[in-house]
Amino acid sequence: MKLWGGRFEGDTDAMAKAFGDSIFFDKALYRYDIEGSIAHATMLGATGILSEADTDAIVQGLRGILADLEAGTLTVDESCEDIHSFVETVLTERIGNPGKMLHTGRSRNDQVALDMRLYTRAEISEIRAALAGLLEVLLNLMKEHKATIMPGFTHLQKAQPVTLAHHLGAYFEMFRRDDERLRDCCRRMNYSPLGAGALAGTTYPLDREMTAELLGFDGATENSMDSVSDRDYLLELLSDLSLVMMHLSRFSEEFILWNSNEYRFITISDAYSTGSSIMPQKKNPDMAELIRGKTGRVYGALMSMLTVMKGIPLAYDKDMQEDKEVTFDAIRTAKMSLLIFTRMLATTTFHKDRMYQSTGGGFTNATDAADWLVAHGVPFRDAHGIIGRLVLYCQEQDKSLNALTLEEYRAIDPVFDETIYDAIDLENCVNRRLTKGAPSGPAMEQQIAAAERYIKERG
Ligand code: ARG
């Protein structure tokens, strides 16, 4: 049933109808649409705008529709324009006249604004639950790998020794911030637009605070025009999801590198790898590659919505219907990516010996050797030059700093004595880095304690 046929004499062109209808995707909102309608009807009854009998009939009717849709005994009729028309049509078919009263004091503009907020609020809590799962896996791995030495990189060149716990701790921080951002987004959007009407409120004495409370909002929105035309919260959500994906993509990129034959730092489990149809030796990190690739879709959703919104005059315009498909897709993509990455991370084997070997082979202790010279009275800039010459010598001899004899050290500079070996020992290099946030045991304990506290107290 069309909700707006009265002033029309001609029919909608079939292609125009197919182009404009949103039922194909907004049917995903059915639960929120019905819950919103139940709250609206309850309020219409409580304020005396509708009689008790009509209100009861509407609420019972809506509950029945929801139950039937959940049970699969009622399916969405895709010849309707949108989910709002579908629910109202079925309601009127089932209960007759009172069904036609549901839309009193309401417009599809505030209705759809409400549905999207209820939907995104529920999805944010699912995404945050997935993030919490990832944070927990990271925390467990951090505890397990406090002494697992690995090379830290800059410019993708080995730089200084760190630990796996420290490296994973960096990701813990990124995902913790993502979690906080999503919580903020939810707090800011948690106001009810219901009662804003088409754009200018309504002449019925609606109790907007009542519907807001019934639906778990922190209050009703302040301005009716803003309420029906605001999609800031979606843009905020899509920005937050873009950051989640950016972080997952960087992590995926590292997993792909670490899983390669050249690094061999990790082995991704068979459950999250695939083979090649031609090359029998291959085991590919497809899940990580897909997550890296799907990041583009989520960024795309953000750019789409920024562009959709940028030229729309107040208040509601149909352009805004474009918010749904991209948002639904971005939410599904981010949620799946988080869940898959977490499982992959939890089942990956970390090769400590390879990481250690790689750390020793790349002069990651060169800074510590220079620091030793500084402690023995050499100005840092001179120390840098001396160690640089030592590294050059090592490369010619194919040796590491630890493998040089004291004679070889002294040939470069007589200031060296045997305590240099202690200074460049990899464990010592890590454990002397005691500044807050550094990889040493004590500094890492603090990071782990903070991470534990966050998981326990995150609201
Ligand atoms: N399908 C529409 C949307 O998603 C619902 C709102 C329709 N409002 C209107 N005035 N045509 O935005």
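Look above for the structure.
Throughout what follows, the structure given in this document is the object of discussion. Remember, predicted model here, so these are calculated numbers, not experimental data.

This brings us to the overall build of the protein chain. In terms of regular secondary structure, the protein chain is built from 19 helices and four strands. Taken over C-alpha atoms, the radius of gyration comes to 30 Å for the protein chain, far larger than the 23 Å a tight globule of 459 residues would show. By principal-axis analysis of the C-alpha atoms, the protein chain measures approximately 100 × 50 × 40 Å. Looking at the protein chain as a whole, 49% of its 459 residues qualify as buried. Sequence separation of at least 24 residues holds for 74% of the intrachain contacts in the protein chain that already meet a minimum separation of 6. Carbon and sulfur atoms make up 53% of the accessible area of the protein chain, which amounts to about 21600 Å² in all. Here the protein chain carries 49 positive and 68 negative side-chain charges, and the mean point of each set is 3 Å from the other.

With that out of the way, let us pick up the nonpolar core. Phe-255 and Leu-345 are the most contacted members of the largest nonpolar core, which has 100 residues in total. Counting residues per element, this core draws most heavily on helix 6 (residues 108-144), which supplies 15 residues. In this structure, Phe-255 is in contact with Ile-266, Ile-268, Phe-341, Met-344, Leu-345, Thr-348 and Phe-350, ignoring residues within four places of it in sequence. Core analysis: the next-biggest nonpolar cluster, separate from the first, contains 21 residues, Ala-370, Val-391, Leu-404 and Leu-406 among them.

Moving on, we come to a negative patch on the surface. Taken together, Asp-207, Glu-209, Glu-213 and Glu-222 make up a surface patch of like negative charges. Mapped onto the secondary structure, Glu-222 falls in the loop between helix 8 (208-214) and helix 9 (224-229).

Okay, the site of the ligand next. In the region of the ligand, the neighbouring residues are Ser-22, Asp-26, Asp-82, His-84, Arg-108, Asn-109, Val-112, Tyr-316, Gln-321 and Lys-324. One nitrogen or oxygen atom from the side chain of Lys-324 is found 2.5 Å from an oxygen atom belonging to the ligand. Considering each element in turn, the shell around the ligand owes the most residues, three residues, to helix 6. Tallied by class, the residues present in the shell around the ligand amount to two nonpolar, four polar and four charged.

Right, let's talk about the packing of helix 4 (residues 52-71) against helix 5 (residues 83-95) for a bit. In the contact formed by helix 4 and helix 5, the axes pass within 10 Å of each other and the chain directions differ by 115 degrees. Considering the relative orientation of helix 4 and helix 5, their crossing is right-handed. Where helix 4 abuts helix 5, its residues Ala-57, Ile-58, Gly-61, Leu-62, Gly-64, Ile-65, Asp-68 and Leu-69 lie against Phe-86, Val-87, Val-90, Leu-91, Arg-94 and Ile-95. A class-by-class count of the residues in the contact of helix 4 with helix 5 yields 10 nonpolar, two polar and two charged.

One ladder, built from six bridges, connects strand 1 (residues 149-154) with strand 2 (residues 157-163); its direction is antiparallel. In the strand pairing of strand 2, Pro-151 is matched with Pro-161.

For the rest of this paragraph, the subject is unusual backbone geometry. Of note, the amide linkage connecting Leu-314 to Ala-315 takes the cis form, showing an omega dihedral of 0 degrees. With respect to the helices, strands and loops of the structure, Ala-315 is situated in the loop between helix 11 (286-309) and helix 12 (323-346). Despite not being glycine, Leu-156 has its phi angle at roughly 60 degrees, a positive value. Along the polypeptide, Leu-156 turns up in the loop between strand 1 and strand 2. The exposure class assigned to Leu-156 is exposed, which follows from its relative accessible area of 54%.

This part is about the packing of helix 6 against helix 7 (residues 164-189). The N-to-C vectors of helix 6 and helix 7 enclose an angle of 160 degrees; their axes lie 9 Å apart at closest approach. In terms of axis orientation, helix 6 runs roughly antiparallel to helix 7. Seen from above, helix 6 lies across helix 7 with left-handed handedness. Taken together, the residues that form the contact of helix 6 with helix 7 break down as 18 nonpolar, two polar and seven charged.

With that settled, consider a nonpolar patch on the surface. On the surface, a cluster of nonpolar side chains totalling about 280 Å² of accessible area is made up of Leu-199, Met-225 and Leu-314. Note on placement: Leu-199 falls in the loop between helix 7 and helix 8.

Another aspect to go through is the packing of aromatic side chains. Scanning all chains against the criterion turns up 14 aromatic pairs. When the ring of Tyr-263 is compared with that of Phe-265, the centres are 5.3 Å apart and the planes differ by 85 degrees; the resulting orientation is edge-to-face. Each member of the pair, Tyr-263 as well as Phe-265, is classed as buried. Pairwise contacts between aromatic rings join Phe-153, Tyr-171, Phe-175, Phe-251, Phe-255, Trp-258, Tyr-263, Phe-265 and Phe-341 into one cluster. A cation sits over an aromatic face here: Arg-7 above Phe-8, 5.9 Å from the ring centre. For the cation-ring pair, Arg-176 lies above Tyr-454, with the distance from its terminal atom to the ring centre recorded as 5.9 Å.

Looking now at the environment of Ala-451. Of note, Ala-451 is situated in helix 19 (residues 441-457). Each residue touching Ala-451, except ones within four places of it in the same chain, is listed here: Leu-139 and Phe-172.

The rules behind these values
Residues numbered from 1 in each chain as written. Predicted model: local features only at pLDDT ≥ 70, side-chain atom pairs only at ≥ 80, totals over all residues. Heavy atoms only, no water. Helix = DSSP H or I, 4+ residues; strand = E, 2+ residues; numbered from the N terminus. Rg over C-alpha atoms; globule rule 2.2 N^0.38 Å. Buried < 20%, exposed > 50% of the residue type's maximum accessible area, 1.4 Å probe, protein only. Contact = heavy atoms within 4.5 Å. Areas by Shrake-Rupley, 256 points an atom, 1.4 Å probe, with all protein chains shown as cover. Lys, Arg positive; Asp, Glu negative; His and termini not counted. Charge placed at Lys NZ, Arg CZ, Asp CG, Glu CD. Core = buried A, V, L, I, M, F, W, Y, C linked by side-chain atoms within 4.5 Å. Patch = residues over 30% accessible without salt bridge, like charges linked within 9 Å, V, L, I, M, F, W, Y side chains within 5 Å. Salt bridge = Lys/Arg side-chain N within 4 Å of Asp/Glu carboxyl O. Near = heavy atom within 4 Å. Polar contact = N/O pair within 3.5 Å; in protein donor to acceptor, adjacent residues only side chain to side chain. Nonpolar A, V, L, I, M, F, W, Y, C, P; charged D, E, K, R; others polar. Axes fitted to C-alpha atoms, helices over the stretch in contact; angles between N-to-C directions. Left-handed = near helix turned anticlockwise from the far one by under 90°. Pairing = 2+ DSSP bridges. Parallel < 35°, antiparallel > 145°, perpendicular 65-115°, else oblique. Phe/Tyr/Trp six-rings, centres within 6.5 Å; stacked < 30°, edge-to-face > 60°. Lys NZ or Arg CZ within 6 Å of the ring centre and 35° of its normal.

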